[in-house]
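An overview of the molecular structure
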Amino acid sequence: MKFKTFDYFAFNMTDPLWEVYEVIDNKSHNQYNNLISDLDSIDSSDLEKFVKEKHIDDFLNRQENKDLGRRIHYMIYKLHKEITKERIRILIDSMDRPEPYNSENLLNIKLDKNHLATTNQFNTNYSTFYYDKFVYEICPITVSSNSSHWISQAILMCIANSGVIFKVRLDPFREIRPEDYNPMMYKMLVHGTPLDWNKLLELRNEDFGQWFNERDNSFTDYVWTPKDDEIHFTCEEYPNFSYDGFNTSRYFHAIFNKKSGSIKHCDGALRLYNDYEISERGNFHIRQPEVRKVGERIKIFQFDSKENLNKEISQDDFSQLAVSFFVWNQDVLNYFNA
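Along each chain, residues carry numbers from 1 onward, in the same order as the chain's sequence is written. Since the coordinates come from a predicted model, pLDDT governs what is reported: local features require at least 70, and pairs of side-chain atoms require 80 or more to be given and counted, while whole-chain, interface and lining totals use all residues. Side-chain numbers here rest on the full set of heavy atoms in the structure, without hydrogens or water.

What follows is about the packing of aromatic side chains. Note on aromatic pairs: the rings of Phe, Tyr and Trp (six-membered ring only in Trp) are paired at centre separations within 6.5 Å, and the planes decide the class, stacked below 30 degrees, edge-to-face beyond 60, tilted for the rest. Scanning all chains against the criterion turns up 29 aromatic pairs. Ring centres of Phe-50 and Tyr-74 lie 5.3 Å apart, and the angle between their planes is 85 degrees; this geometry places the pair in the edge-to-face category. Taken as a pair, Phe-50 in helix H4 (residues 44-54) and Tyr-74 in helix H5 (residues 66-91) lie far apart in primary sequence, 24 residues in all. Overall, Tyr-74 belongs to the buried group, its relative accessible area being 9%. Strands here are runs of E lasting at least two residues and helices are runs of H or I lasting at least four, both read from the DSSP assignment and numbered beginning at the N terminus. Here's how the labels work: a residue is buried when its accessible area is under 20% of the maximum for its type, exposed when over 50%, partly exposed in between, all with a 1.4 Å probe on protein chains only.

Within a regular strand, side chains alternate between the sheet's two faces. Most of strand E6 (residues 218-227) is tucked away: eight of the ten residues are buried. By this definition, two strands are paired if DSSP reports at least two bridges between them. With seven bridges joining them, strand E5 (residues 207-213) and E6 adopt antiparallel strand pairing. When the bridges of E6 are listed, Phe-208 appears paired with Val-223. Direction of pairing for E6 relative to strand E7 (residues 230-237): antiparallel, over a ladder of eight bridges. Directly across from Lys-227, in E7, lies its bridge partner Glu-230. Remark: two residues form the turn of the hairpin made by E6 and E7, two consecutive strands paired antiparallel; Asp-228 in that turn has positive phi of roughly 55 degrees.

Next up on the list: the environment of Leu-203. On the secondary structure map, Leu-203 appears in the loop between helix H7 (197-201) and E5. Note on contacts: a residue pair is in contact if any heavy atoms of the two residues lie within 4.5 Å. Once residues within four sequence positions are removed from consideration, Leu-203 is found in contact with Trp-224, Pro-226 and Ile-231.

Salt bridge criterion: a side-chain nitrogen from Lys or Arg within 4 Å of a carboxyl oxygen from Asp or Glu. Scanning the entire structure with this criterion turns up 17 salt bridges. Asp-57 is paired through a salt bridge with Arg-70; the nearest N and O atoms lie 2.8 Å apart. Residue Asp-57 is located in the loop between H4 and H5, and its partner Arg-70 is located in helix H5; the two are separated by 13 residues in the primary sequence. For Asp-57, a relative accessible area of 31% puts it in the partly exposed group. For Arg-70, a relative accessible area of 24% corresponds to the partly exposed category.

What follows is the structure in structure tokens.
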């Protein structure tokens, strides 16, 4: 059953984690009655199972209406899953111009085969992707609607510093008039310092590793692979959640030019697996050829020197892009900040 408030929360700039409370605390809000109806429609047995599995009562304060508090937490959880599932459905749509590119405002925007748009088609002077009448955002890379904030800022900073062009995938649910664009400001230390590049230059065989997160039973693989005058970096965060058969990971790839000491290619993608494929993926490391046989990649951003008159990006910019793409992954952050 689709929530009556689904469209409101899907297209709202504020994440449901915050916006649901804004609506429930304002009886004059135009979505208040719809939200109450959605909360009342939650199946009691599903709610009880959710409360036990997620230990929701531990998050409720004593003054809070316990039943309402439980239902709100459940609602936010379900909204995150349903919005993400709908976004994935649009991202894998084979249409020539899936949302938001079917908007009248974007009809003249040129796309590549992966539905990526070059950043030089947008006005990026004000740390946004502004085109004609509306502002757009890069597609979120996790269930959290703000997960693309840091990679967006890293890309925009790289454009400002180096004058290079990226390709980006726009969020299907974001098309906002400039006067209504009031994004939340986030503060977080997301910084990547250069690795020991001299050591990497001496690589003759693959250098790889894996970090395991016991808290949520997930892991992250990485590998550096020397190939002639290049070293390829590949990193993937094995997903720990499912959206009714949709399993997504964060997948990052870059090519280091040993001659120039800079990055000639870099891209970040969502990797989509069905339930069978995700089980198979868990049996292998990212360096193994079997990994390439499963899943489907949905590119979120891409940089390529061939499309930039052979301009490349610096080691610092590469590090910043990597840690920003894997925001909230402490293992990746530690690796680049070591």
